[in-house]
Amino acid sequence: MAGAVPAERRMANDIAANLVHLPGDSAAEAVAGHIGRFWDPRMRTRLFACVDAGADGLDPLVVEAVKLLR
């Protein structure tokens, strides 16, 4: 399906949107914590690939969270 948004990108952005209210670095840490605890390793690998491909369409908070996960 051309133009479909990868599920990992959509879900990660949703998590970031729900946690953006946290102060300072706490939001990125909370996003990383959620992804680390609840996402299957294959999902994390696909999210990392999205970031490596240029993070197109990813919330900057998700990009920071991925840095913490690595």
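This one's a predicted model, so the numbers in the text were calculated from it and none came from an experiment. Each chain carries its own residue numbering, running from 1 in the direction its sequence is written. Local features are withheld for residues below a pLDDT of 70 in this predicted model, meaning they are given only at 70 or higher, and side-chain atom pairs are given and counted only at 80 or more; totals for whole chains, interfaces and linings count all residues. Derived side-chain values reflect all non-hydrogen atoms in the structure, with water molecules and hydrogen atoms excluded from consideration.

(A) Representation of the overall build of the chain in the model. Put simply, DSSP marks the helices as runs of H or I at least four residues long and the strands as runs of E at least two long, and each gets a number from the N terminus on. When helices and strands are tallied, the chain shows four helices and zero strands. Secondary structure elements of the chain, listed N to C terminal, follow the sequence α-α-α-α. Taken over C-alpha atoms, the radius of gyration is set against a globule rule of 2.2 Å times the number of residues to the power 0.38. Its C-alpha radius of gyration of 11 Å places the chain within 12% of the 11 Å reference for a compact globule of 70 residues. In this description, contact between two residues means that some pair of their heavy atoms is separated by no more than 4.5 Å. In the chain, once contacts between residues fewer than 6 apart in sequence are set aside, the share between residues at least 24 apart is 57%. Carbon and sulfur atoms form 56% of the exposed surface of the chain, whose accessible area is close to 4,400 Å². Distance from the positive charge centre (8 side chains) to the negative charge centre (9 side chains) of the chain: 7 Å. Each accessible area is a Shrake-Rupley estimate made with a 1.4 Å probe; only the visible protein chains count as cover when residues are assessed. Counted as positive: Lys and Arg. Counted as negative: Asp and Glu, with His and the chain ends omitted from the count. Think of each charge as sitting on NZ of Lys, CZ of Arg, CG of Asp or CD of Glu.

(B) Structural detail: the environment of Leu58. Following the sequence through the fold, Leu58 ends up in the loop between helix H3 (41-52) and helix H4 (60-69). Along the chain, Leu58 and Asp40 lie 18 residues apart, while their C-alpha atoms are 19 Å from each other. In this view, Leu58 contacts Arg9, Asn13, Leu47, Cys50, Val51 and Val63; residues no more than four positions away in its chain are not counted.

(C) Spotlight on H3. Residue count minus one, scaled by 1.5 Å, sets the expected span of a helix. In this model H3 runs 16 Å from its N-terminal to its C-terminal C-alpha over 12 residues, within 8% of the 16 Å that 1.5 Å per residue would give. Looking only at H3, the buried set comprises Met43, Arg44, Leu47, Phe48 and Val51. Summarising the axial view, the buried residues of H3 lie within an arc of 140°, below the 170-degree limit, and thus occupy one face. Facing away from the buried side of H3, by more than 90 degrees, are the exposed residues Arg42, Thr45 and Asp52. Buried residues belonging to H3 abut helix H1 (7-19), helix H2 (26-38) and H4. The classification of residues rests on relative accessible area computed with a 1.4 Å probe and restricted to protein chains. Under 20% of the type maximum is buried, over 50% is exposed, and intermediate values are partly exposed. Each C-beta atom gives one direction from the helix axis, and the arc is the one those directions make.

(D) Representation of unusual backbone geometry in the model. For Ala55, which is not a glycine, the phi torsion comes out positive at approximately 60°. Considering the arrangement of structural elements, one finds Ala55 in the loop between H3 and H4. Ala55 sits in the buried class, given a relative accessible area of 17%.

(E) Quick peek at the environment of Asn18. Position of Asn18 relative to the elements: it lies in helix H1. Separated by 13 residues in the primary sequence, Asn18 and Val31 have C-alpha atoms spaced 9.2 Å apart.

(F) Summary view of the packing of H1 against H3. Their axes nearest at 9 Å, the elements H1 and H3 cross at an angle of 90°. When the interaxial angle is binned, H1 and H3 end up roughly perpendicular. Touching Glu8, Met11 and Ala12 of H1 are Met43, Arg46 and Leu47, all from H3. Taken together, the residues that form the contact of H1 with H3 break down as four nonpolar, no polar and two charged. Throughout, an axis means a line fitted to C-alpha atoms (over the contacting stretch in the case of helices), and angles, computed between N-to-C directions, take values from 0 to 180 degrees. Here is the rule for angles: anything less than 35 degrees is roughly parallel, anything more than 145 is roughly antiparallel, 65 through 115 is roughly perpendicular, and the remaining ranges are oblique. Classes in brief: Ala, Val, Leu, Ile, Met, Phe, Trp, Tyr, Cys and Pro nonpolar; Asp, Glu, Lys and Arg charged; the others, Gly included, polar.

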